[in-house]
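Each chain is listed here by its residues.
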Amino acid sequence: MLVAERSSDGARLDAARRRLDGIIPAAEWHEVADDIDAILRLKRARNAVILAHNYQTPDIYHGVADIVGDSLALAREAARTEAEVIVLCGVHFMAETAKILNPGRTVLIPDLRAGCSLADSITAADVRLLRERHPGVPVAVYVNTSAAVKAEADICCTSGNAERVVESLPGDAVLFLPDEYLANWVAGRTTKRIIAWHGHCEVHERFSAADIARVRGAHAGIEVIAHPECPPDVLAAADFVGSTQQMTDWVRDRRPARALLLTECSMSDNVAAEVPEVELVRACNLCPHMKRIDLGNIRHALETMTHAVEVDPAIADRARRAVERMLAVR
Ligand code: 13P
Ligand code: SF4
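Keep in mind the model is a prediction, meaning the values are calculated, not measured.

S.K.: If you had to explain the confidence of the model for the protein to someone new, which residues and values would you point to?
M.R.: Confidence in the prediction of the protein, expressed as mean pLDDT, is 96, and 98% of residues score 70 or more. In the predicted structure, residues 1-6 sits below a pLDDT of 50 and forms 1 contact with residues beyond four places in sequence or in another chain.

Below, the structure is given as structure tokens:
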């Protein structure tokens, strides 16, 4: 029995090694093998699932994750899982969303400091004040917000479903919070009046149209794909705009000779591993919050069952309504 357990764990480690072959240099395998082996064993022992955002590094994304995707996919999978423990390799609002959808399960985040500038840009009190100023206007909040902010909203959205969510709401105006640039992008695609907030992603706001012009000058025919958290001049100059999953799918389906992904750096690494024939020009920005998660603290999280994410049940109940309404939008 023990031999069988060991050999199936060994097979999983071999499979992880094969997935990472050519993605991390062969000489670096021995640096990650021990952590990957321990994480794969702990996952089974704890009946845990690892959900990893597309911005996680390749050793996590290809080495130990069970589910990878954008914020929408991670929320959908969190609503579906039957594992006892969810390890969220991403940022705090994602772990909170998983906990809101799974109040009876343990949700772990490997580093509690993995925050988000958008989530920090607005409070529940701000949303209440905006409701007073705009009575009767429905409130849609980006998932990149705290549970307390979600609790004040009518519905959540992600960059993957923002237009559909806005169209699903009654009336001719929507309070769309807190990402000003995503709000601006959606405003260009709906007849509804969009009332925005002044939140920005500290990673995407650093891209500029000048970056695109420079790369287009150096690489003729390059396809430029941008995340809607980028400023409006960047989005206007891009060939395609979409969530991280939509960006990945676009490259996977079209397979251009060359592409520039205007988003977090690990996206290009993970997409490059999947479609090696596409040359990805690297002009990206790092998210310091996403980069707080590594194999070492994922292993530690599963060994010690820390850090368990908790959400006040009264807040979670109200926030869950907003998240579930979003998940019901097709
Ligand atoms: P998506 O993966 O939903 O596009 O979000 C990007 C992001 O910045 C998450 O923090
Ligand atoms: Fe937040 Fe931007 Fe980092 Fe995403 S990339 S977690 S929006 S700071």
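Text resumes after the structure shown.
S.K.: Just give me the short version of the site of ligand 1, but keep the residues and values in it.
M.R.: Surveying the vicinity of ligand 1 reveals 13 residues, the closest of which are His53, Ser71, Ser159, His227 and Thr244. Between Ser159 and ligand 1, the recorded distance is 2.8 Å, taken from a side-chain N or O atom to an oxygen atom. Within the side chain of Thr244, one N or O atom sits 2.5 Å away from an oxygen atom of ligand 1. Taken together, the residues that form the shell around ligand 1 break down as 4 nonpolar, 7 polar and 2 charged.

S.K.: Please set out the pairing of strand β9 (residues 223-226) residue by residue, giving values where relevant.
M.R.: Both β9 and strand β11 (residues 258-262) contribute to a ladder of 4 bridges, which runs parallel. Bridge assignment links Glu223 to a residue of β11, and that residue is Ala259. One ladder, built from 2 bridges, connects β9 with strand β10 (residues 240-241); its direction is parallel. The residue of β10 that forms the bridge with Ala226 is Val241.

S.K.: A description of helix α9 (residues 180-187) should follow, citing residues and the corresponding values.
M.R.: Among the residues of α9, those classed as buried are Tyr181, Leu182, Ala183, Trp185 and Val186. Of the surrounding elements, those touching the buried residues of α9 are β5 (139-142), α8 (162-168), β7 (173-177), β8 (193-196), α11 (232-237) and β10. Where α9 begins, the capping side chain belongs to Asp179, and its oxygen is found 2.9 Å from the backbone nitrogen of Tyr181.

S.K.: Can you tell me about the sheet that holds β5, naming the residues and giving the values?
M.R.: An order of β6-β5-β7-β8 is seen for the 4 strands of this open sheet, with the pairing classed as parallel. If you trace the sheet from one side to the other, it starts and ends with β6 (155-157) and β8, each paired once. Geometrically, the sheet is characterised by an average inter-axis angle of 30° between neighbouring strands, direction not taken into account. In the sheet, β5 pairs with β6 via 3 bridges, with the strands oriented parallel. Bridge assignment links Ala140 to a residue of β6, and that residue is Ile155. The strands touched by helix α6 (residues 124-133) within the sheet are β5 and β7, with β7 carrying the most contacts at an inclination of about 165°.

S.K.: Can you lay out unusual backbone geometry for me, pointing to particular residues and giving the numbers?
M.R.: Between Leu177 and Pro178 the backbone carries a cis peptide bond, its omega angle lying at -10°. Within the secondary structure, Pro178 is located in the loop between β7 and α9. In this chain, Thr306 is followed by His307 through a cis amide linkage whose omega measures -5°.

S.K.: Explain the side chain of His289 residue by residue, including any values.
M.R.: Inspection of the secondary structure puts His289 in the loop between β12 (279-281) and α14 (295-304). Assessed through its relative accessible area of 16%, His289 is described here as buried. Polar side-chain contacts of His289 include one of 3.0 Å to the side chain of Glu202. Setting aside residues up to four positions removed in sequence, His289 forms contacts with Val91, Arg113, Ala114, Gly115, Cys116, Ser117 and Glu202.

S.K.: If you had to explain the site of ligand 2 to someone new, which residues and values would you point to?
M.R.: Taken together, the residues surrounding ligand 2 are Tyr55, Val91, Cys116, Ser117, Leu118, Asn144, Cys201, Val203, Glu229, Cys287 and His289. When its residues are assigned to classes, the shell around ligand 2 shows 7 nonpolar, 3 polar and 1 charged.

S.K.: So what about the packing of helix α4 (residues 71-80) against helix α5 (residues 92-101)? Which residues, and what values?
M.R.: At a closest axis distance of 9 Å, the pairing of α4 and α5 adopts a crossing angle of 30°. The angle between α4 and α5 falls in the class roughly parallel. Crossing geometry of α4 relative to α5 is assigned as right-handed. Mapping the contact onto sequence places Ser71, Leu74, Ala75, Ala78 and Ala79 in α4 and Met94, Thr97, Ala98 and Leu101 in α5. Along the lines of polarity and charge, the residues of the contact of α4 with α5 split into 7 nonpolar, 2 polar and no charged.

Criteria and cut-off values
- Residues numbered from 1 in each chain as written.
- Chains lettered and ligands numbered in written order.
- Predicted model: local features only at pLDDT ≥ 70, side-chain atom pairs only at ≥ 80, totals over all residues.
- Heavy atoms only, no water.
- pLDDT = per-residue confidence, 0-100.
- Contact = heavy atoms within 4.5 Å.
- Near = heavy atom within 4 Å.
- Polar contact = N/O pair within 3.5 Å; in protein donor to acceptor, adjacent residues only side chain to side chain.
- Nonpolar A, V, L, I, M, F, W, Y, C, P; charged D, E, K, R; others polar.
- Pairing = 2+ DSSP bridges.
- Helix = DSSP H or I, 4+ residues; strand = E, 2+ residues; numbered from the N terminus.
- Buried < 20%, exposed > 50% of the residue type's maximum accessible area, 1.4 Å probe, protein only.
- Axes fitted to C-alpha atoms, helices over the stretch in contact; angles between N-to-C directions.
- Parallel < 35°, antiparallel > 145°, perpendicular 65-115°, else oblique.
- Left-handed = near helix turned anticlockwise from the far one by under 90°.

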